[in-house]
Amino acid sequence: MSGKIGGKALNWAELGFEYVRTDVRFAARWRDGEWDAGALLDSEIMPLHEGSPALHYAQQCFEGLKAQCARDGRVLLFRPNLNSERMNEAAGRLLMPQVPKALFLRGVETAVRENRQWIPPFGSGASLYVRPLLIGVGENLGLRPAKEFEFRVFVSPVGPYYKQAGMAPISLAVSGMDRAAPQGTGRFKIGANYAGGLLATQEAQREGANEALYLDAAENRYIDEAGSANILVALRDGSLATPRSAAVLPSVNRRSLMQLAADRLGMKTAERPIDLRAEFGEFTEMAACGTAAVLSPISRIWFDDAWHEVNPRQNGEAIGPVMRQLYDLLVGIQQGEIAEQYGWVHEVVL
């Protein structure tokens, strides 16, 4: 499916997870202890003072969510209040001012609404990715918080995060590097966590994997998360588990999927330490989940110098029944196809 959007012809089915410049973005500035009202900007370029703490000391955090077009034409966000809360948790950890929830939601809704022509149509397989960010700006040299901060929201139409289309399985390779220490910044969505993972991802890809898988920094036994996604594991006893770790980012999708598994599928769920080597034989299904990844089945993992298949299925299906049901439930709710009683879907009034 293609369309003449914003003066450019886009083939929605061919979109990858890449930046596409859209028409406008929202920005607000914090100075002298308060936020201004914010405004729309035409330029995607951010002029920054060379002393800005965001550049030297990584005083910055960000969020990611998606706007999707429902069958009836409504534009839907999924649990944006949790993105607001998570950004403010990161801001507090990095000594940055919190972005009031009303300002956060107004920035997100405004950026989506004013770029409505870039929202992929229902059924296209694409979505409008929304990136809020908060950075420390202005003149500075020493290791201290910035005196001013910018909150910005831009959007970009995207396709699947991993190159394989649809529900094609991915593979992970256990990294010898540590993503984050238990009492560090691993649970916060800050840029420094991701820059440190670039090399691990590159090495995983050299092994033939899509992404790195991190184990805990203390014992190198328990699953933490993949480089850009949380982990879900279905076990032979019929339960669904996800790693419990102070170094794991609290994914909005992961929390939602665990609740759907309990409420809609009647599964026993647990957030607990998962010992990769000791428990691997009990895995029946495994998936990576997150805003970008949605829910991607994991078919094999590289560890201890060998590939290990996750409960290979004889019927040739790329995804097992549990993850298939969870994917269909999550995406159905996000696109307005399945009714939900939680108040997770947030409509952007155009």
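Residues numbered from 1 in each chain as written. Predicted model: local features only at pLDDT ≥ 70, side-chain atom pairs only at ≥ 80, totals over all residues. Heavy atoms only, no water.

1. Notes on the overall build of the chain
Stage number 1. Summing up its helical and strand segments, the chain has eight helices and 20 strands in all.
Stage number 2. Along the longest, intermediate and shortest principal axes, the C-alpha atoms of the chain span 60 × 50 × 35 Å.
Stage number 3. Taken across its 350 residues, the chain has 51% of its residues classed as buried.
Stage number 4. The long-range fraction of contacts in the chain, counting pairs at least 24 apart against all pairs at least 6 apart in sequence, stands at 71%.
Stage number 5. For the chain, the accessible area works out to roughly 15,700 Å², and carbon and sulfur atoms hold 49% of it.
Stage number 6. Across the chain, 37 positive and 41 negative side-chain charges occur, with their mean positions spaced 3 Å apart. (Helix = DSSP H or I, 4+ residues; strand = E, 2+ residues; numbered from the N terminus. Buried < 20%, exposed > 50% of the residue type's maximum accessible area, 1.4 Å probe, protein only. Contact = heavy atoms within 4.5 Å. Areas by Shrake-Rupley, 256 points an atom, 1.4 Å probe, with all protein chains shown as cover. Lys, Arg positive; Asp, Glu negative; His and termini not counted. Charge placed at Lys NZ, Arg CZ, Asp CG, Glu CD.)

2. Let's talk about helix 6 (residues 252-263)
Residues separated by three or four positions in an α-helix point in the same direction, a consequence of the helix having 3.6 residues per turn.
Stage number 1. With 12 residues, helix 6 should reach 16 Å at 1.5 Å per residue; the first-to-last C-alpha distance of 17 Å fits that figure.
Stage number 2. Taken residue by residue, helix 6 has Val252, Asn253, Arg254, Ser256, Leu257, Met258, Leu260 and Ala261 as its buried positions. (Expected span 1.5 Å × (residues − 1).)

3. Thoughts on the pattern of salt bridges
Stage number 1. Per the counting criterion, the structure on display carries 18 salt bridges.
Stage number 2. Its salt-bridge partner being Glu109, residue Arg113 comes within 3.8 Å of it at the nearest N-O pair. With a gap of four residues between them, Arg113 and Glu109 both fall in helix 3 (residues 101-113), about one helical turn apart.
Stage number 3. Given a relative accessible area of 19%, Glu109 falls into the buried group.
Stage number 4. For Glu271, the salt bridge is made with Arg254, and the minimal N-O distance between the two is 3.8 Å. Residue Glu271 is located in strand 16 (residues 269-272), and its partner Arg254 is located in helix 6; the two are separated by 17 residues in the primary sequence.
Stage number 5. Taken together, the shared-partner salt bridges in this structure form one network comprising Arg29, Arg31, Glu148, Glu150 and Arg152. (Salt bridge = Lys/Arg side-chain N within 4 Å of Asp/Glu carboxyl O.)

4. A closer look at the nonpolar core
Stage number 1. One finds Trp35, Val99, Val112, Val130, Leu134 and Phe151 to be the most contacted residues of the largest nonpolar core, which totals 40 residues.
Stage number 2. Mapped onto this core, the elements with two or more residues apiece are strand 3 (25-31), strand 7 (65-69), strand 8 (75-78), helix 2 (80-93), helix 3, strand 9 (127-137) and strand 10 (148-158).
Stage number 3. Considering each element in turn, this core owes the most residues, six residues, to helix 3.
Stage number 4. Look past the residues within four positions of Val112 in its chain and what remains in contact with it is Ala67, Val75, Leu77, Ile119, Leu128, Val130, Val155 and Val348. (Core = buried A, V, L, I, M, F, W, Y, C linked by side-chain atoms within 4.5 Å.)

5. Side note on the packing of helix 2 against helix 3
Stage number 1. At a minimum axis separation of 10 Å, helix 2 and helix 3 run at an interaxial angle of 125°. The angle between the axes of helix 2 and helix 3 places the two elements in the oblique class. When the axes of helix 2 and helix 3 are compared, the crossing they make is right-handed. Note on element contacts: helix 3 touches helix 2 through Lys101, Phe104 and Leu105, opposite Pro80, Asn81, Asn83, Ser84, Glu85 and Met87.
Stage number 2. Considering only residue class, the contact of helix 2 with helix 3 consists of four nonpolar, three polar and two charged. (Axes fitted to C-alpha atoms, helices over the stretch in contact; angles between N-to-C directions. Parallel < 35°, antiparallel > 145°, perpendicular 65-115°, else oblique. Left-handed = near helix turned anticlockwise from the far one by under 90°. Nonpolar A, V, L, I, M, F, W, Y, C, P; charged D, E, K, R; others polar.)

6. A closer look at the packing of helix 6 against helix 8 (residues 321-334)
Stage number 1. Remark: helix 6 packs on helix 8, axes separated minimally by 10 Å, with the N-to-C direction vectors making an angle of 115°. Accordingly, the angle class assigned to the pair helix 6 and helix 8 is roughly perpendicular. Helix 6 and helix 8 meet at a crossing whose hand is right-handed. Across from Asn253, Ser256, Leu257, Leu260 and Ala261 in helix 6, the residues of helix 8 making contact are Leu326, Leu329, Leu330, Ile333 and Gln334.
Stage number 2. For the contact of helix 6 with helix 8, the per-class residue count stands at seven nonpolar, three polar and no charged.

7. Quick word on the environment of Gly138
Stage number 1. Along the chain, Gly138 turns up in the loop between strand 9 and strand 10.
Stage number 2. Classification of Gly138 as buried rests on a relative accessible area of 19%.
Stage number 3. Counting along the chain gives 29 residues from Gly138 to Met167, while the straight-line C-alpha distance between them is 44 Å.
Stage number 4. For Gly138, the contacting residues outside a window of four places in its chain are His49, Gly51, Ser52 and Pro53.

8. Brief notes about the pairing of strand 18 (residues 294-303)
Stage number 1. The element strand 18 is extensively covered by neighbouring structure, given that eight of its 10 residues are classed as buried.
Stage number 2. Inspection of the sheet shows strand 11 (residues 170-174) paired to strand 18 by four bridges, in the parallel sense. Along strand 18, the bridge assignment pairs Ile170 with Ile298.
Stage number 3. The sheet contact formed by strand 17 (residues 283-290) and strand 18 spans four bridges and is antiparallel. Looking across to strand 18, one finds that Ala288 is bridged to Ser296.
Stage number 4. Counting the residues in the hairpin turn of strand 17 and strand 18 gives three residues. (Pairing = 2+ DSSP bridges.)

9. Focus on the packing of aromatic side chains
Stage number 1. Counted according to the given criterion, the structure contains 13 aromatic pairs.
Stage number 2. Between Phe17 and Tyr129, the ring centres sit 5.1 Å apart and the planes meet at 75°, which makes this aromatic pair edge-to-face. With Phe17 in the loop between strand 2 (8-11) and strand 3 and Tyr129 in strand 9, this pair connects stretches of sequence that are 112 residues apart.
Stage number 3. Pairwise contacts between aromatic rings join Phe26, Trp35, Phe104 and Phe151 into one cluster.
Stage number 4. Note that Arg187 overlies the ring of Phe188, its terminal NZ or CZ placed 5.2 Å from the centroid.
Stage number 5. The ring centre of Trp307 lies 3.8 Å from the NZ or CZ of Arg300, which sits over that ring. (Phe/Tyr/Trp six-rings, centres within 6.5 Å; stacked < 30°, edge-to-face > 60°. Lys NZ or Arg CZ within 6 Å of the ring centre and 35° of its normal.)

10. Some details on the confidence of the model for the chain
Stage number 1. For the chain, the average pLDDT comes to 93, and 95% of its residues sit at 70 or higher.
Stage number 2. Confidence drops under pLDDT 50 across residues 1-7; counting only partners more than four residues distant or on other chains, this segment forms 21 contacts. (pLDDT = per-residue confidence, 0-100.)

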